[in-house]
Amino acid sequence: MNLKTMKRSTKSNLITFGIVIAFYIIVQLLSAADVLSNSFSGQLVPICAYVILAISLNLTVGILGELSLGHAGFMSVGAFSGTLVWVSISSTTPKPLALLLAFVVGGLVAGAFGFLVGVPVLRLSGDYLAIVTLAFGEIVKNVMNACYLGVDANGLHFSLKDASSLNMEDGKLLINGAQGITGITKASTFTIGIVLVIITLLVILNLVNSRAGRAITSIRDNEIAARSVGVPITKYKLMAFVTSAVFAGIAGVLYSLNYSSLVAKKFDYNTSVLILVFVVLGGIGNLRGSVIAAAVLTVLPEMLRSMNDYRMLIYAIVLIVVMIFNQSPQMITLRNRLTARFRNKNGAEKSKQKKGVA
């Protein structure tokens, strides 16, 4: 493999995968040396879940150019559906197969909701998607808070009133209103999380660099021009939006199976905003930046926990500084200037070395 003749996009993708794999190897080595704290070890699966969420949301916000404020809603429906599958079949089905089915069902259910939300809204222009997805996330949270689901010999029983109205005979309560799903056997691991991160990157990077990805980018850059040359706008918008929702659902299953209980309040509006913060700070349209931002900003509050009252202040200052560094035109110009100077310096040194050899 010749790095000089390799496409710039391929090099960039290899660097992204290298960062993920290097992070996994370093964590495994530190874990083997028993130097990882319990709090950091507990953050490993959530880091992977948030990385998947940030990458998938960047597909909608950065590549497609549409603002979505309800990513936690897709995460929620995926988490609840996948966890229900896991709770229902894990005791009678081989664990790897049950886990695979949980991820598949969680992703498909979230994708179905993404399709239902996207079909009417993506035909419109403006901020309608942001408004509808925001409403969708809040509706899902409130419905799951009031949802009671049980199963007995007569089948499934559903109610939005209370558990006693299910009228079950010696059945099992699957969802208990605001208490959610309890008694979950933990199944998520850091290795599974990294595998899912790599799969997410493979799918989304291939989509972005494909013909469909170029069509999606053209819609972002100039929808009128894309429509004038025959690009099916709604088709490609739905493709990006549904793909984003599918991986949000998978991330929800990964996140939920890391805990013994699952409640709807974990997937509120603040979670959607947090994921959007990862995307903005990592760079809109920059998938590698989303990976790094999600990982760093998930760990940072825990690292600052010893500072008690000042940790959130420091966290806010870090967010502001990173935002200025990534988005300020002056800082972007300075970074480009320094990068060009560094490249010119390396090029001059290499030419001197070649002349010396000659």
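Residues numbered from 1 in each chain as written. Predicted model: local features only at pLDDT ≥ 70, side-chain atom pairs only at ≥ 80, totals over all residues. Heavy atoms only, no water.

**Structural notes on the overall build of the protein chain**
Step number 1: Secondary structure summary: the protein chain contains 13 helices and five strands in total.
Step number 2: Across the 358 residues of the protein chain, 45% fall into the buried class.
Step number 3: In the protein chain, 71% of the contacts between residues at least 6 apart in sequence involve partners at least 24 apart.
Step number 4: Here the protein chain displays about 18800 Å² of accessible surface, and carbon together with sulfur accounts for 63% of that area. (Helix = DSSP H or I, 4+ residues; strand = E, 2+ residues; numbered from the N terminus. Buried < 20%, exposed > 50% of the residue type's maximum accessible area, 1.4 Å probe, protein only. Contact = heavy atoms within 4.5 Å. Areas by Shrake-Rupley, 256 points an atom, 1.4 Å probe, with all protein chains shown as cover.)

**Overview of the pattern of salt bridges**
Step number 1: Counting across every chain of the model gives five salt bridges.
Step number 2: Where lysine 141 meets glutamate 138, a salt bridge forms, and the shortest distance between an N and an O atom there is 3.4 Å. Here the residue lysine 141 and the residue glutamate 138 both occupy positions in helix α5 (residues 128-145), the gap between them amounting to three residues, near one helical turn.
Step number 3: By relative accessible area, which is 26% here, glutamate 138 ends up partly exposed.
Step number 4: Salt bridges sharing partners connect three or more residues here, namely Glu66, Glu223, Arg227 and Lys237. (Salt bridge = Lys/Arg side-chain N within 4 Å of Asp/Glu carboxyl O.)

**Thoughts on the environment of aspartate 127**
Step number 1: By the element assignment, aspartate 127 lies in the loop between α4 (95-121) and α5.
Step number 2: Classification of aspartate 127 as exposed rests on a relative accessible area of 55%.
Step number 3: Sequence-wise, aspartate 127 and glutamate 66 are 61 residues apart; in three dimensions their C-alpha atoms are separated by 8.1 Å.

**Some thoughts on the sheet that holds strand β3 (residues 172-176)**
Step number 1: Judged by pairing direction, the sheet is antiparallel, and its three strands sit side by side in the order β2-β1-β3 without closing on themselves. Each edge of the sheet is formed by a strand with only one pairing partner; in this case those strands are β2 (155-159) and β3. Strand-to-strand, the axes of this sheet are offset by a mean angle of 20 degrees, without reference to chain direction.
Step number 2: Two elements, strand β1 (residues 148-152) and β2, share five bridges in a ladder whose sense is antiparallel. Residue pairing for β2: valine 151 is matched across the bridge by leucine 156. (Pairing = 2+ DSSP bridges. Axes fitted to C-alpha atoms, helices over the stretch in contact; angles between N-to-C directions.)

**Some words on the packing of aromatic side chains**
Step number 1: Evaluated as defined, the whole model comprises nine aromatic pairs.
Step number 2: Ring centres 5.6 Å apart and planes at 85 degrees place the aromatic pair phenylalanine 74 and phenylalanine 241 in the edge-to-face group. Residue phenylalanine 74 is located in helix α3 (residues 71-89), and its partner phenylalanine 241 is located in helix α9 (residues 233-256); the two are separated by 167 residues in the primary sequence.
Step number 3: For phenylalanine 241, a relative accessible area of 2% translates into the label buried.
Step number 4: Ring centres 6.2 Å apart and planes at 70 degrees place the aromatic pair tyrosine 255 and phenylalanine 267 in the edge-to-face group. Note that tyrosine 255 is positioned in helix α9 and phenylalanine 267 in the loop between β5 (261-262) and α10 (269-282), a separation of 12 residues in sequence.
Step number 5: With relative accessibility at 12%, the residue tyrosine 255 sits in the buried group.
Step number 6: Residue classification places phenylalanine 267 among the buried residues on the basis of a relative accessible area of 2%.
Step number 7: Ring-pair connections join several aromatic residues into one group, and the members of that group are Tyr50, Tyr255, Tyr259, Phe267 and Phe278.
Step number 8: The ring of tyrosine 259 is capped by lysine 266, whose NZ or CZ atom sits 4.1 Å from the centre of that ring. (Phe/Tyr/Trp six-rings, centres within 6.5 Å; stacked < 30°, edge-to-face > 60°. Lys NZ or Arg CZ within 6 Å of the ring centre and 35° of its normal.)

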